[in-house]
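# Coordinate inspection notes
So the chains spell out like this:
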Amino acid sequence: MQLALFTPGACIWPVHRNFEAFVAELGGAGTDSVDLLDSGCYPVHARSESGVQQLSERMDYRLFKLHQDLYNSLLRPSEFFHGESRSFADRFWPDLIGTPPADLLSALVFHFIERPAEDCSVNAGLRVLRSIFFQHEMADPNLWVWSARENLSSLRGDWSWIPLRFNAPAASRLHDIEFTVHGMRERPADSSGWFSGQIRRNDRGECRVALRCGADRGMREHDPARLSEASLQDCKRYMSAIFGWQGVAA
């Protein structure tokens, strides 16, 4: 199972489990887009190797320092950060917040604990990284996304999520993937602007998309059917832009 992260300014597909390679990939091609629908990063194309060929000297140094700071912190006991009031993002990359690398880091954290890095504690964020990159013995490599989510289940809040399903176009050629989409930077994490899910092909050859998202605050008074339909259409727009789908069937 591959993991993909899609944000307005950049994307990573697949997420490699090598921690150094993942941090380096944060410096790949990016844009200043606020809304994924206006981004020049899409439609996206899958690749099996890191998409980073050469970083600027400034970005190369910044990501080297980020890798070093995070890795050294991962070696410390959790008690070291007791009393730390800053969020995970504010502690380690405050200068990058609002940039593609920070958005990708938040999307990674969101996929596993359903809150972005700006809204989780330092210890929670470090636990996410340990579970993803440093506990390889937890399960078969093909199950690492599932096993990491299970290991981190206690960090997820009791949010009200809307489950959504639809068929991708028949011509879609997608490998089995899990994904998180950060559709627009200014939208809250409990809206349909943030959602996670998976794409699987069933025995009939149908490419089924199953996802979960929150409910936008202005729509929570609607009946469940209307709320689900509005959220589904919102998510479909993002998915179609990401994968270049001309149309999707409900």
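Every chain is numbered independently, its residues counted from 1 as its sequence is written. Local features are withheld for residues below a pLDDT of 70 in this predicted model, meaning they are given only at 70 or higher, and side-chain atom pairs are given and counted only at 80 or more; totals for whole chains, interfaces and linings count all residues. Side-chain figures throughout are based on the complete set of non-hydrogen atoms in the structure, without hydrogens or water.

## Topic: helix α7 (residues 224-243)
In DSSP terms, a helix is any run of H or I states spanning at least four residues, a strand is any run of E spanning at least two, and both are numbered starting from the N terminus. To estimate how far a helix should reach, multiply one less than its number of residues by 1.5 Å. With 20 residues, α7 should cover 28 Å at 1.5 Å per step; its first-to-last C-alpha distance of 28 Å lies within 8% of that length. Working definition: with a 1.4 Å probe on protein chains only, accessible area under 20% of the residue-type maximum means buried, over 50% means exposed, and in between means partly exposed. All of the buried residues along α7 are Leu227, Ser231, Leu232, Asp234, Cys235, Lys236, Tyr238, Met239, Ser240, Ile242 and Phe243. Should any heavy atoms of two residues lie within 4.5 Å, those residues are considered in contact. Elements that come into contact with the buried residues of α7 comprise β1 (2-6), β3 (162-167), β4 (177-182), β5 (194-201) and β6 (207-213). In the stretch just after α7, Gly244 is the one whose phi turns positive, near 70°.

## With respect to the nonpolar core
The biggest cluster of nonpolar side chains holds 41 residues, and the ones touching the most others in it are Phe22, Phe88, Trp93, Leu108 and Phe112. Looking at this core, the elements with two or more residues in it are β1, α1 (19-25), α2 (57-74), α3 (88-92), α4 (100-113), α5 (122-133) and α6 (144-151). For this core, the leading source of residues is α4, giving 8 residues. Apart from the residues within four sequence positions on either side, Phe88 is in contact with Leu70, Trp93, Val109, Ala117, Cys120, Ser121, Val122, Gly125, Leu126 and Leu129. Here the nonpolar core consists of buried residues drawn from Ala, Val, Leu, Ile, Met, Phe, Trp, Tyr and Cys, with membership extended through side-chain atoms lying within 4.5 Å.

## Focus on the sheet that holds β5
At least two DSSP bridges between two strands are required for those strands to pair. Ordered by their spatial adjacency, 6 strands build an open sheet running β2-β1-β4-β5-β6-β3, and the pairing between neighbours is mixed. Strands with a single pairing partner mark the edges of an open sheet, and in this sheet they are β2 (11-12) and β3. Of the pairings in the sheet, the one linking β5 to β6 comprises 7 bridges and is antiparallel in character. In the sheet register, Arg200 faces β6, and the bridge partner there is Arg208. Axes here mean lines fitted to C-alpha atoms, for a helix over just the part in contact, with angles spanning 0 to 180 degrees between N-to-C directions. Packed on one face of the sheet, α4 meets β1, β2, β4, β5 and β6 and runs near 70° to β5. Contacts from α7 reach β1, β3, β4, β5 and β6, with the element oriented near 55° to β3.

## Side note on the pattern of salt bridges
Two side chains that carry opposite charge are able to pair once their charged atoms sit near each other. Any Lys or Arg side-chain nitrogen found within 4 Å of a carboxyl oxygen on Asp or Glu counts as a salt bridge. Summed over all chains, the structure comprises 11 salt bridges. As a salt-bridge pair, Asp95 and Arg62 come within 2.8 Å of each other at their nearest N and O atoms. Taken together, the residues Asp95 in the loop between α3 and α4 and Arg62 in helix α2 connect sequence positions 33 residues apart. Taking relative accessible area as the criterion, Arg62 reaches 17% and is therefore assigned buried. A salt bridge links Arg187 to Asp234, with the nearest nitrogen and oxygen atoms 2.9 Å apart. Here Arg187 is found in the loop between β4 and β5, whereas its partner Asp234 is found in helix α7, with 47 residues between them in sequence. Through salt bridges with shared partners, one network takes in Glu84, Arg86 and Arg91.

## Some details on the pairing of β5
Pairing between β4 and β5: 6 bridges, direction antiparallel. Each residue of the ladder has a partner; that of Ile177, found in β5, is Ile199. Following β5, the chain reverses through 5 residues before pairing antiparallel with β6; Gly205 in that reversal takes a positive phi of roughly 85°.

## Some remarks on the side chain of Ser33
Topologically, Ser33 is positioned in the loop between α1 and α2. Classification of Ser33 by relative accessible area gives buried; the value is 13%. N or O atoms closer than or at 3.5 Å make up a polar contact, with two conditions inside protein: a donor-capable atom paired with an acceptor-capable one, and, for residues adjacent in sequence, both atoms drawn from side chains. At 3.1 Å, the side chain of Ser33 and the side chain of Thr31 are in polar contact. Once you skip the residues sitting within four places of it in the chain, Ser33 turns out to touch Pro8, Gly9, Asp38, Ser39, Gly40 and Arg185.

## What about α5?
Taking 1.5 Å of rise per residue, the 12 residues of α5 would be expected to cover 16 Å, and the 17 Å separating its terminal C-alpha atoms lies within 8% of that figure. Within α5, 9 of the 12 residues are buried, which leaves the element mostly enclosed by the surrounding structure. Residues Val122, Ala124, Gly125, Leu126, Val128, Leu129, Ser131, Ile132 and Phe133 constitute the buried set of α5. At its buried positions, α5 is contacted by α1, α2, α3, α4 and α6.

## Side note on a nonpolar patch on the surface
Grouping into patches uses exposed residues only, defined as over 30% relative accessible area, and leaves out salt-bridged ones; the cut-off is 9 Å for like charges and 5 Å for nonpolar side chains (Val, Leu, Ile, Met, Phe, Trp, Tyr). Accessible surface is estimated by sampling points in the Shrake-Rupley manner with a 1.4 Å probe; for residues, cover comes only from the protein chains shown. On the surface, a nonpolar cluster with roughly 300 Å² of combined accessible area is contributed by Tyr71, Leu75 and Phe134. By the secondary structure assignment, Leu75 is in the loop between α2 and α3. Leu75 gets classed as exposed once you look at its relative accessible area, which sits at 61%.

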